Amino acid sequence: MPESEASLDLSISSYDSDEEFRLAQKEWNESLEELQQLAFVLLMPWAGKYLGRRCSYWLYDRYTRIGLGKSFFIGQKASSWTFLSL
């Protein structure tokens, strides 16, 4: 009988360690998910602000050079493009 009790204790202790491992893995995954959400909350608005400003500076420069006409939306004439006049 003592041998069967020892094997029973061993299986229970391995079950406990497996359960602890699963809980630790679950907490780790939840922590990583929270870190990703934090990064998106902090970085996405900053990136959007940066790209929006770059785009607006580029559009304003284009407006001051070309004006607000067809060429602003479509582009310059094809004859002025250097890669087409080879």
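The coordinates are above.
Residues numbered from 1 in each chain as written. Predicted model: local features only at pLDDT ≥ 70, side-chain atom pairs only at ≥ 80, totals over all residues. Heavy atoms only, no water.

*Asks:* Account for the overall build of the chain, naming residues and giving values.
*Replies:* A tally of regular secondary structure across the chain gives two helices and zero strands. Summed over its atoms, the accessible surface of the chain is roughly 8,300 Å², and 64% of this surface lies on carbon and sulfur atoms. (Helix = DSSP H or I, 4+ residues; strand = E, 2+ residues; numbered from the N terminus. Areas by Shrake-Rupley, 256 points an atom, 1.4 Å probe, with all protein chains shown as cover.)

*Asks:* I'd like a rundown of a nonpolar patch on the surface, residues and numbers included.
*Replies:* A cluster of nonpolar side chains, Trp-28, Leu-32, Leu-35, Leu-38, Val-41, Leu-42 and Leu-43, forms an exposed patch at the surface whose accessible area comes to about 740 Å². Note that Leu-38 resides in helix H1 (residues 2-66). The class of Leu-38 is partly exposed, set by a relative accessible area of 46%. (Patch = residues over 30% accessible without salt bridge, like charges linked within 9 Å, V, L, I, M, F, W, Y side chains within 5 Å. Salt bridge = Lys/Arg side-chain N within 4 Å of Asp/Glu carboxyl O. Buried < 20%, exposed > 50% of the residue type's maximum accessible area, 1.4 Å probe, protein only.)

*Asks:* Outline the packing of aromatic side chains, supporting the account with residue identities and numerical values.
*Replies:* All chains considered together, the criterion is met by one aromatic pair. With 5.9 Å between their ring centres and 10 degrees between their planes, Trp-46 and Tyr-50 make a pair best called stacked. Of the two residues, Trp-46 and Tyr-50 both sit in helix H1, four residues apart, roughly one turn of that helix. (Phe/Tyr/Trp six-rings, centres within 6.5 Å; stacked < 30°, edge-to-face > 60°.)

*Asks:* Before we move on, could you go through a negative patch on the surface and cite the residues and values that matter?
*Replies:* Together, Glu-27, Glu-30, Glu-33 and Glu-34 make up a region of like negative charge exposed at the surface. With respect to the helices and strands, the residue Glu-27 is situated in helix H1. Note on Glu-27: relative accessible area 52%, which makes it exposed. (Lys, Arg positive; Asp, Glu negative; His and termini not counted. Charge placed at Lys NZ, Arg CZ, Asp CG, Glu CD.)

*Asks:* Give a detailed account of the side chain of Arg-62, specifying residues and quantitative values.
*Replies:* Mapped onto the fold, Arg-62 is located in helix H1. Buried charged residue Arg-62 carries no salt bridge. Nearest counter-charge: Asp-61, at 8.5 Å. When neighbours within four sequence positions are excluded, Arg-62 is seen to be in contact with Gly-67, Ser-71, Phe-72 and Gly-75. (Contact = heavy atoms within 4.5 Å.)

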